Amino acid sequence: MDLSSQRKKLTVRVIPDIDGIAQEFDYAVPDDWHDSGDSEYLEVGAIVRVKFRNRSVRGWITEINPEPQVNIELLPLRKVSGIGPNEEIVNLAKWASKHWHGPVTKFLRVASPKFMIKTSHAHIENHLGQAGANGTSKHISERFKALAKEIPPLGDRWPLIQETIRHGNSLILVPSVRQAQNLVGRLKSIGIRSGLHGKDWLLGAQGGTIVGTRSAAFASIKNLSAILMIDEHDDAYKNEATPTWNARDVIFERARMADIPVTFTSPMLTCESRSETQVKELSQPGEHKGWGKIRVFDPNQSNYQSRGLWPSEVIDELKDSERSLVILNRKGRSKLLVCSSCDEIVTCSECMGKMHQPNEDSLSCSEGHQRPVVCSFCLSTNLKNLRVGITRAKEELEALLQEEVQEIHSSGSNINLQSGKYYLGTNAALHRVDWADIIFFADYDQELYTTNYRSEEIALSNLVRAVRIVNARSRPAGQVILQTRSQKNKLVELIREGNFSKWSELNADRRKLLLLPPYGSYAEVSGSGANKYAEGLKFCDGIEVLGPSNGSWLVKAKSHSQLLQSLSSVPRPKEQLRIAVNG
């Protein structure tokens, strides 16, 4: 590309980096920028600073020399900061903004480099040229094709990675930063020009293979030839804050727009990936076809001997292990209390909600009301736990094991994985511990019966992670033990049989019946302005509005386009409003 031959840049259209501002604004390019050379850095996606309502803000260029919107004198650009997402990613961000009914600026932030780099995609193209010596050429040219391959947790994914990089510059998504770092190291060891998204942002713009987590879905990669997503079921790919976007849907649309192949892998392919792709199951030899040793423990058996949550048989196995991890997804001391004197469930006298015991001195409910440890019916202070929290569980385990048990918090960092033997934590512990001989889910029923419609999918995802942890070393494989009273639950039956692929069919049938994604679409509406907004949605055709429940409304539609059209047709109130689409 010859930069000097470009059409002179007189005006640009900019999206200001301000939440709540969806409009684009035109700005003039200062005359002296043509002499200084700053105008050469202006391109779609470039990051600039502009004056907006008496303050200087950054923004992204979306168009060069646009048709004027109004006949007024334009404010000049203040500064060109540097390179931003390329034009392909800007268009992808606009698509995501519509798909999840959120501001485009939030997607452009994800797509931008962490530090300002004074260059442009045009300069990179001009300086590096089209030479394949820089790893920028396509090796195998293929059109858009979406494949989904079901690989068990212990299956080998390296052949699929090799198949992907043979196409040329590739994008590979993995659930965790540790996995991304390990994969980049392995790719470099075989001579592949590769880097970590974020840290090596410029390498992608120059041409190479980029590996990253959720945000890498918006990585700018020159001559992108193929995309691979590993463990597409993992919750790490879903953004919890609004807009509640999922990297799986982003890369599918990106592959379609770029006309390149995309592959999804998982031990338990989601309904979303199955509905949009050609599915291929890869058979694996060994126990449970690559799922390792999984035991389902029934506390209702007649020969069952336990102390609360702790079967004596499991306690003996924990003692014999080199390192063990117990999962109990309840924080605090107690999550369900009953009075020992009158057998009444301990409830809040203000809101009548169930109370739990976060510490030794007080009771608390979900609304934040607190009171001393006393029954509101008979004033007895003698309460018993029907469902202990993790703090109380730690005390009980230490008494049974006669050794220290380390508690793992999602935010804590003072975990000694070298000297400790016993660990206890919520599901967050599955992201902190690298190996264990035994992982014991003390109450798998809580995993199965959360209020989320994806509760079984999340429970199975945690099982996948546990299976990999107990098989992380070359020594004899460990085991995962699930304690559940729901022996007739269909998922539990399939886990016991090792028939994991059958669950995907049952899950799809259930979602079709309830019109849940991808066979329907929904949005959760909350905030101080939600009531007014939900009332307006009730007049939209084909929309079902349910609620309120805990201050939020559920808006359902038979199709995603119908949902988006209805959400856009109702005026947004001035009060705070949160809209989580398919969250």
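Going by the structure above, here's the rest.
Computed from a predicted model, the values in this text were never measured in an experiment.

1. So, the sheet that holds strand β13 (residues 293-297)
Right, on to step 1. The 6 strands lie next to each other as β13-β25-β24-β16-β23-β22, forming an open sheet whose pairing is parallel. The strands lining the two open edges of the sheet, one partner per strand, are β13 and β22 (405-408). Going from strand to strand, the sheet's axes swing by 20° on average, the running direction of each strand aside.
Right, on to step 2. With 4 bridges connecting them, strand β16 (residues 324-327) and strand β24 (residues 438-441) associate as parallel partners. Bridging across to β24, Ile 327 finds its partner in Phe 441.
Right, on to step 3. Helix-sheet contacts for helix α10 (residues 312-320) involve β13, β16, β23 (422-425), β24 and β25 (479-483), and the interaxial angle to β13 is about 150°.

2. Remarks on the packing of aromatic side chains
Right, on to step 1. Scanning the entire structure with this criterion turns up 11 aromatic pairs.
Right, on to step 2. Ring plane angle 45° and centroid distance 5.8 Å describe the contact between Phe 107 and Phe 218, whose orientation is recorded as tilted. Linking Phe 107 in helix α3 (residues 104-111) with Phe 218 in the loop between β9 (209-212) and β10 (226-230), this pair joins segments that are 111 residues apart in sequence.
Right, on to step 3. Ring centres 3.6 Å apart and planes at 10° place the aromatic pair Trp 291 and Phe 500 in the stacked group. On the criterion of sequence distance, the pair formed by Trp 291 in the loop between β12 (278-281) and β13 and Phe 500 in helix α15 (residues 500-514) is long-range, its members being 209 residues apart.
Right, on to step 4. Trp 291 gets classed as buried once you look at its relative accessible area, which sits at 4%.
Right, on to step 5. Note on Phe 500: relative accessible area 7%, which makes it buried.
Right, on to step 6. Site record: aromatic cluster; members linked through ring pairs are Trp 95, Trp 100, Phe 107, Phe 218 and Trp 245.

3. Side note on the pairing of β25
Right, on to step 1. Burial analysis of β25 places 5 of its 5 residues in the buried class, which makes it a mostly covered element.
Right, on to step 2. Neither face of β25 is left uncovered, since the one carrying Gln 479, Ile 481 and Gln 483 and the one carrying Val 480 and Leu 482 both have all their residues buried.
Right, on to step 3. The pairing of β13 with β25 spans 5 bridges and is parallel. Across the sheet, the residue bridging to Phe 297 is Gln 483, located in β25.

4. Some details on unusual backbone geometry
Right, on to step 1. With an omega of 5°, the peptide bond between Pro 517 and Pro 518 qualifies as cis.
Right, on to step 2. Here Pro 518 shows up in the loop between α15 and β26 (521-526).
Right, on to step 3. Between Gly 547 and Pro 548 the backbone carries a cis peptide bond, its omega angle lying at 10°.
Right, on to step 4. By the element assignment, Pro 548 lies in strand β27 (residues 543-549).

Calculation criteria
Residues numbered from 1 in each chain as written. Predicted model: local features only at pLDDT ≥ 70, side-chain atom pairs only at ≥ 80, totals over all residues. Heavy atoms only, no water. Pairing = 2+ DSSP bridges. Helix = DSSP H or I, 4+ residues; strand = E, 2+ residues; numbered from the N terminus. Axes fitted to C-alpha atoms, helices over the stretch in contact; angles between N-to-C directions. Contact = heavy atoms within 4.5 Å. Phe/Tyr/Trp six-rings, centres within 6.5 Å; stacked < 30°, edge-to-face > 60°. Buried < 20%, exposed > 50% of the residue type's maximum accessible area, 1.4 Å probe, protein only.

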